[in-house]
Amino acid sequence: MTDELLVVRAQLGERAALAELVARWRVPVWTYVRRMLDAERADDVTQEIWLAVVRGLPRLREPGAFAPWLFTIARRSVTERLRGEYARAWEEPATDEAVTEDAVEAMVDRAALVSLLSGLPAPEREILVLFYLEDLSVEECARICRIPAGTVKSRLNRARRLLREHLEEKGYRP
Amino acid sequence: MTEEPNLSARELIEQLTPALSRRRRVQAVAALVAGLAGAVFAATLWWSEPGPLPGRTHLAFAVLTAFCLAWTGYGGWLLTRRVPLFATDRVVAAWLGLAASVTTTAGLAAVAVQRGTGLAPTLAVGGLFVAAALALAVRAHHRRAELLRRMHELTRADPASSD
């Protein structure tokens, strides 16, 4: 069953559809939260996100765009906890550069990526989690983070460069 | 990546159950509908009272109206911020609102006829509320029908999902 159908059924008031939706997205939401926050806060914030999702679900106008909507809510909760980190991040200009493939992907599998993420600034960490771990598109990342697609791409490139530097510091070589 | 969430899906659903309980939804709708109907009833009686009123009566009407408005605000806050009202719930809530509007208008009209004054303004105010409740009912039915239509389309496109 597609997410859209589950959302529509849940919006009609079907509890089983809502339960299925929660079961399906429980781990991806938690993964995003856990990569952005420490373990102590991750569970509390995840519950807070799901409560906001349940309360807001009747007002969701595009059931087909459930994932970006869900991560927008998740991001709001995470951002509140990371206000300080986001405030320190600078505003980079929006450029329309392509997301370039580089040696990072060849060197790093998902597990290694996860362990390296904690060393990155919040905006770069967030974009890597959404793009690589949650498999969301550049457009969906832009919608969730409320930034232009060009900024997503430049932030991704910067994040990959930072990752490469971290890897090289640890002795990895492409 | 071996780390996993501490809460299972079932535990997470259980944590969400209070927000989804039918009792809370009924309480929220009842607070809004009864509060609004009571506020309109008290305010209309106060406003259409023939002859000068003593200070204490004014105070009593003001307190009663404020009390009902407080319940209206509480119900509205619950429904917009705390309690999710799904499409089918909205249809039921809209009909409850319509029934309350008609009953309040009929009650006020009966009082106005008994007093022999103020029938026209009472009917005008009551009519406004009935029209608003009717518009909400139509909107709720429309939204539910739209979702049902979409559900059938999606189910037809993916027959495996119908079980």
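Residues numbered from 1 in each chain as written. Chains lettered and ligands numbered in written order. Predicted model: local features only at pLDDT ≥ 70, side-chain atom pairs only at ≥ 80, totals over all residues. Heavy atoms only, no water.

Peer 1: Kindly report on a nonpolar patch on the surface, identifying the contributing residues and their values.
Peer 2: Taken together, the side chains of Leu64, Phe67, Trp71, Tyr74 and Trp77 of chain B present a nonpolar region at the surface, about 550 Å² in accessible area. By the element assignment, Phe67 of chain B lies in helix α3 (residues 55-82). (Patch = residues over 30% accessible without salt bridge, like charges linked within 9 Å, V, L, I, M, F, W, Y side chains within 5 Å. Areas by Shrake-Rupley, 256 points an atom, 1.4 Å probe, with all protein chains shown as cover. Salt bridge = Lys/Arg side-chain N within 4 Å of Asp/Glu carboxyl O. Helix = DSSP H or I, 4+ residues; strand = E, 2+ residues; numbered from the N terminus.)

Peer 1: Account for the UniProt feature "transmembrane region" (unreviewed entry) in chain B, with residues named and values stated.
Peer 2: All names here are of chain B. Cross-referencing UniProt, the feature "transmembrane region" (unreviewed entry) maps to residues 28-47, 59-79, 91-113 and 119-140 in the present numbering. The span residues 28-47 is 100% helix and 0% strand, and its two end C-alpha atoms sit 28 Å from each other. In this annotation, residues 59-79 is assigned 100% helix and 0% strand; the end-to-end C-alpha distance for the span is 30 Å. (UniProt positions renumbered as here; feature names shortened; annotations may be inferred.)

Peer 1: Any chance you could break down the interface of chain A and chain B for me, citing the residues and the numbers?
Peer 2: At the interface, 35 residues of chain A touch 35 residues of chain B. Roughly 3,200 Å² is buried in total at the junction of chain A and chain B, and carbon and sulfur atoms are behind 63% of that figure. By the criterion of area lost to chain B, the three top residues of chain A are Leu12, Arg26 and Arg55 of chain A, representing 21% of everything that side buries. Here chain A and chain B share 1 salt bridge between them. Ionic pairing is found between Glu4 of chain A and Arg150 of chain B, a salt bridge with its closest N-O pair at 2.9 Å. Run the count over chain A and chain B and you get 6 residue pairs in polar contact (both at pLDDT 80 or more). (Contact = heavy atoms within 4.5 Å. Buried area = accessible area lost by both parts, 1.4 Å probe. Polar contact = N/O pair within 3.5 Å; in protein donor to acceptor, adjacent residues only side chain to side chain.)

Peer 1: Could you give an account of helix α5 (residues 119-157) of chain B, naming the residues involved and the relevant values?
Peer 2: The end-to-end C-alpha separation of α5 of chain B is 56 Å, in line with the 57 Å expected for 39 residues at 1.5 Å each. Within the span of α5 of chain B, buried status applies to Thr122, Gly126, Ala133, Ala137, Ala140, Arg143, Leu147, Met151, Leu154 and Thr155 of chain B. (Expected span 1.5 Å × (residues − 1). Buried < 20%, exposed > 50% of the residue type's maximum accessible area, 1.4 Å probe, protein only.)

Peer 1: I'd love a proper account of a positive patch on the surface, names of residues and values included.
Peer 2: Together, Arg59 and Arg61 of chain A together with Arg81, Arg82, Arg90 and Arg139 of chain B line one region of the surface with positive charge. Relative to the assigned elements, Arg139 of chain B resides in helix α5. Judged by relative accessible area, Arg139 of chain B falls into the exposed class, the value being 58%. (Lys, Arg positive; Asp, Glu negative; His and termini not counted. Charge placed at Lys NZ, Arg CZ, Asp CG, Glu CD.)

Peer 1: Requested: an account of the packing of aromatic side chains, with residues and values cited.
Peer 2: This structure, assessed with the given rule, holds 9 aromatic pairs over all chains. Measuring from ring centre to ring centre gives 6.1 Å for Trp25 of chain A and Phe71 of chain A, while their planes differ by 75°; the resulting arrangement is edge-to-face. With Trp25 of chain A in helix α2 (residues 15-36) and Phe71 of chain A in helix α4 (residues 66-81), this pair connects stretches of sequence that are 46 residues apart. Residue Trp25 of chain A shares its accessibility class with Phe71 of chain A, and that shared class is buried. For the pair Tyr74 of chain B and Trp77 of chain B, a centre-to-centre distance of 6.3 Å together with 25° between the ring planes defines the contact as stacked. On the criterion of helical spacing, the pair formed by Tyr74 of chain B and Trp77 of chain B is a turn pair, its members being 3 residues apart in helix α3. (Phe/Tyr/Trp six-rings, centres within 6.5 Å; stacked < 30°, edge-to-face > 60°.)

Peer 1: An account of the confidence of the model for chain A is requested, with residue identities and associated values reported.
Peer 2: Confidence in the prediction for chain A averages 83 pLDDT; 80% of positions are at 70 or higher. Here helix α6 (residues 103-107) of chain A stands out as the least confident element of chain A, with mean pLDDT 49; helix α1 (residues 3-11) of chain A is the most confident, with 95. (pLDDT = per-residue confidence, 0-100.)

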